Amino acid sequence: MAPTPGSAKKARRESISAMDECLSEFIKRMIVRMPLAEVPATLKMWGFLAEKDLQSLTLWKSKEGLAMEIVNLCESKKATIDHAADLDIVYHHINSKKKLWCVYQMSVLSDSEMNVTDVAKFQAIFKKSVYSVLKNVTINFREFGEALWIRIACGKDCMKPNQYRPTFVVYHTQTPYAFFNGITSAHRSMICQGLLLAAGYRHIQELDLKSRSLESMQDMLFKKFSQAWF
């Protein structure tokens, strides 16, 4: 039996509502997992909510109550999954010591004339490379100083990307190093290939180095890289 126009419209409304609920729940969970003292600074760095919105928040509420306030503000401003992913990047940037990082080193610059400091071009090439292999994926970027943070969320088969288990890559365009958190064997080659094409290198290999201090690992490798040029 064919669906009536009314039932089709209702199904579309329910579908849209379900997507909204998934996004709202994702934002809510992010806020709840943050230490309460970090919430104001994290939201301010995020930059999606206006100053008057931040001042309206009731910080003495339970985290669940505060999270719902923030979700309501996001809904009123028509937040998208890209906005939520950007908040997730900010959270992980602030809490980078809570994750275990590994590092890959690229080598042998290609003959490409691409300027590796052209971040916009890097992003476009990286996205094109990954999307050519996998369609059910979201990719988001955010710059912190000279560091480009990349967030990749993938889905299995025809499923939507799993926003709760993303991979993070931190790449400094002036170095051959890329720092990974949450990389899986299923997506390692795809992400590495995207980095090689976007950065203009030919080879990439994992170094025998892991740490929960992203900053310390970066300092050590960047110092070693700088000394190699003298």
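Every value quoted in this text rests on a predicted model; they were computed, and no experiment measured them.

Caption draft 1: View of the packing of aromatic side chains. Counted by the stated rule, this structure contains 12 aromatic pairs. Relative to F126, the ring of F122 lies with its centre 6.3 Å away and its plane at 5 degrees, an arrangement referred to as stacked. Of the two residues, F122 and F126 both sit in helix α6 (residues 119-133), four residues apart, roughly one turn of that helix. We classify F122 as buried; its relative accessible area is 1%. Looking at F126, the relative accessible area reads 0%, which means it is buried. Arranged with centres 6.1 Å apart and planes meeting at 80 degrees, the rings of F126 and F141 form a pair that is edge-to-face. Taken together, the residues span a long stretch of sequence, with F126 in helix α6 and F141 in strand β2 (residues 137-144) at a distance of 15 residues.

Caption draft 2: Region of the structure containing the pattern of salt bridges. This model, assessed by the stated rule, comprises six salt bridges. When the shortest N-O distance is used, the salt bridge between R33 and D88 registers 2.4 Å. With R33 in helix α1 (residues 5-33) and D88 in helix α5 (residues 81-94), this pair connects stretches of sequence that are 55 residues apart. With relative accessibility at 37%, the residue R33 sits in the partly exposed group. Salt-bridge contacts for K210 lead to E206; the nearest nitrogen and oxygen are separated by 3.3 Å. Relative accessible area serves as the criterion here: at 38%, E206 is assigned to the partly exposed category.

What counts and how
Residues numbered from 1 in each chain as written. Predicted model: local features only at pLDDT ≥ 70, side-chain atom pairs only at ≥ 80, totals over all residues. Heavy atoms only, no water. Phe/Tyr/Trp six-rings, centres within 6.5 Å; stacked < 30°, edge-to-face > 60°. Helix = DSSP H or I, 4+ residues; strand = E, 2+ residues; numbered from the N terminus. Buried < 20%, exposed > 50% of the residue type's maximum accessible area, 1.4 Å probe, protein only. Salt bridge = Lys/Arg side-chain N within 4 Å of Asp/Glu carboxyl O.

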